[in-house]
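What the coordinates show
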Amino acid sequence: MNFDIKRGYEILPNNNVVFGIRIANNSNLVISDVQIILDYNESLFKLQEDRVFKLGNIPPTIARTAKFTLKPLGCVHKEKIEASISYRDAKWEKHIVNMQPKEVHCVCPFLRAKPMTKNEFIQLSGSGYNVESGMNFEGITAEQITSFLMQTCATRLYIVDGYTIAESNVLYFSSESIGENTYYLLTALIKENEGLTQVMFRAVSDKTYGIHGFLNEIISELRHLVNTINSAREIGVIKNEQVINIIDSVVQRSNLSVGNNESSINIYNSVVQRTNINSFQNSAIRHDNNNETNISKEKQVFSTTDRNSQDQDVEKMYETYRKDIRNKQNNTEVKRESSSIRYSRNPSSSDRKINTFRSTTPPPRKEVKPKRKKRRFKKLIMPILFIAILAIAANYLMENPAIEGSISNKYQISTQNYDVVESTVTLFLNSVNDGDYNNAFNMYQGKDFLAVASIKMIFGSKGIEPGSINNIEIASTDIDGSIAVVNAKCTVSNTDISGNEMSTSIIPIYLKLQNSELGWIITGVSFKQPFEIEYEEIQAISTGKQATQEVSSNLMVKTIEGVRAKNSANQLSGTIDLLKLKVGLNVGSSPVDVNQVVISITDGTTANNLVYAGNQRSYASAGQNNGAMDSFSTSSASTNLQILLTGTTKASTTFKNSDHYYTVEKIRDEDNSFSQNNPVMNTGDLITVYVATTSDSAVSSAYSYVGTTSVSDGMKKSGLNLVPRTTVNIVLTPESGAATTADFVAPSSYGVKETVQLYP
């Protein structure tokens, strides 16, 4: 072979892998009809072009390169890419050469929060490898994007710091990869510019192979969350009758237009807020499947047509942010040392006093002077008697102790509600003014602030810094049942860099509260417009949450691996005998009780419906709680896996465990809430679900191991037969929410691999 083969790969910003193979002709003769045939794992990659690349003829001393674009279907770690090169020599004889395999890493790391100080973050950000990316959003504010980003990163990343500078929100996040000493840092710059909300990301890590996957996963989840929250679930348009049906949905900030000719808008069990409903004669209703409620439109900065101009825009935006950071670091200490005296919750003679007022002036009323009419004395007798009867009845009621107490209590409760609501609002604003953001966050249960740092950032963006509020006035309070809305006016001082007050301004703050079991809690804060109490709002919110929970899928199958039974490394089963499903929760999903999840699996011939091995009721005898797998361990996942593959259970009847149960093992559980006895998944948790697929042939061959689990006692048949090319369908059905489906086709050959990647 008189030519060299070099191979390498590059990970693009969109996480695609460009794999290159370079052929250099070192001979003195032409090599002809050169073709490269790529060999890759189709279950891990999707090839964007043809797998055969024709280089044609390569003259002497000339090198040519073939490039293949592979789209990863999941996290890829140490996956080997191979290729075959065919060519004809000067005698037109055909030769085939196999390329040495090249390992490819394209990892979406499993992260956990890594606490660090701001100085440590800035120091690490200056070293290591970094990638940058950006997006533009239209029709959505920087505050909303900040909240969504907080929610996306809350469970896996540590919020190092967040502040506002030059009308831009800056966020610092830090994390580390589970199982290896690798850090991942994220800097986010969020800014509104000419009607667009620009988001700039910069990711830094000490490793190269996981940084693109880390950044792309954050961007993907942020995009998914923005689209999910701002979309109505169902809006139908009937063209002939011009009817818009909004069913069981939440529609916010939308424009609905219909014609005047027999046109109508039907709203069923829905919440419609800040929505313009316009009617125009002879106007057609347009149904846009890509944007059903005129929601925020997202544009990737790195598009093909505008790539150059938008790249320059992002670079300019980031350079401005870097300059602002340097300027802020120079004067931060001076500003803090010479800032004005802050308000304390225990005021002394030197402290600034905050007075709380409540407007009690009733609205002006127009006086209507009744016209006097001359009446005869006889006509006045009936009104006089009626008034006298009412006076006697009123006197009786007031002298009755029970009734008097009831009226008094009702009045006191109503007055007390107003006092409690207003004191709650005042305490919340005082906490912000004192810089006690933790206490303010504990009083809040809404979606405007998803972390402590977001309160500091959003109030700071409005010019409200700690110690800047001189006065709080409660302008109005409205309570209807368990919902209250409050309009507050804060007098805020504006200071120079030395802390001297230059001017004052009045900033209106609108708050919404709800009376819960814990008392009155704040559920909404707005600086733009007052909140309104809508009819049966609590019931509508409850219905909306229930509907969302019913139609959204909480569980997400990340990967599926198949394990073959064995006696040794060279003596393997011809079938997949155990499935390992790596399962997590979708963004924003509620906790899931695995004990109530039913897994259905079929190979096209046999179907098994499986319940959790610790479930006491599904297979129990009548009136008893003996439905769990026999010898089920409440502490050891490995013991339960062994019993699943080899044991039987006697409950209402005697049956094999392998075709009735599944077991689980936790991978990530930061709050230690997941256990074998109480398998409840919270946001951020990651588990492995074990499903037995032991075949008849594997059981009869009496293999000793499945993975690292000993099955020397003898495996039990599952009824499934996962030979190569088998089509498998798996459905996970939780207690609430939509079912999760994972389908795959087994590879055409398992080769010598003990563990086979099956999904995605």
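Look above for the structure.
Anyway, here's the lowdown on the structure attached to this text. The shown structure was predicted, so the numbers you read here are calculated from the model rather than taken from an experiment.

Remarks on the overall build of the chain
- The number of helices and strands found in the chain is eleven helices and 44 strands.
- Accessible area of the chain: about 40700 Å², with a carbon and sulfur share of 48%.

Topic: helix α2 (residues 142–153)
- Look at α2: 16 Å from first C-alpha to last across twelve residues, which is about the 16 Å you get at 1.5 Å a residue.
- Summarising burial for α2: nine of the twelve residues are buried, a large majority.
- Among all positions in α2, only A142, I145, T146, S147, F148, L149, M150, T152 and C153 are buried.

Some words on the pattern of salt bridges
- Under the criterion given, the structure shown has ten salt bridges.
- Its salt-bridge partner being E42, residue R51 comes within 3.3 Å of it at the nearest N-O pair.
- Among the residues examined, E42 registers a relative accessible area of 52% and is labelled exposed.
- In this structure, K462 engages E143 in a salt bridge whose closest nitrogen and oxygen atoms are separated by 3.2 Å. With K462 in the loop between α8 (452–461) and β25 (469–480) and E143 in helix α2, this pair connects stretches of sequence that are 319 residues apart.
- Ionic contacts of the salt-bridge type, sharing partners, join the residues R112, K114 and E176 into one network.

A few points about the sheet that holds strand β2 (residues 17–25)
- The four strands are arranged β1-β2-β6-β4 in an open sheet whose pairing can be described as antiparallel. Every interior strand has two partners, whereas the edge strands, β1 (3–11) and β4 (45–47), have only one. If you compare each strand with its neighbour and ignore which way they point, the axes differ by 30° on average.
- Two elements, β1 and β2, share nine bridges in a ladder whose sense is antiparallel. Bridge pairing in β2 places Y9 opposite F19.

Quick notes on the rules
- Residues numbered from 1 in each chain as written.
- Predicted model: local features only at pLDDT ≥ 70, side-chain atom pairs only at ≥ 80, totals over all residues.
- Heavy atoms only, no water.
- Helix = DSSP H or I, 4+ residues; strand = E, 2+ residues; numbered from the N terminus.
- Areas by Shrake-Rupley, 256 points an atom, 1.4 Å probe, with all protein chains shown as cover.
- Expected span 1.5 Å × (residues − 1).
- Buried < 20%, exposed > 50% of the residue type's maximum accessible area, 1.4 Å probe, protein only.
- Salt bridge = Lys/Arg side-chain N within 4 Å of Asp/Glu carboxyl O.
- Pairing = 2+ DSSP bridges.
- Axes fitted to C-alpha atoms, helices over the stretch in contact; angles between N-to-C directions.

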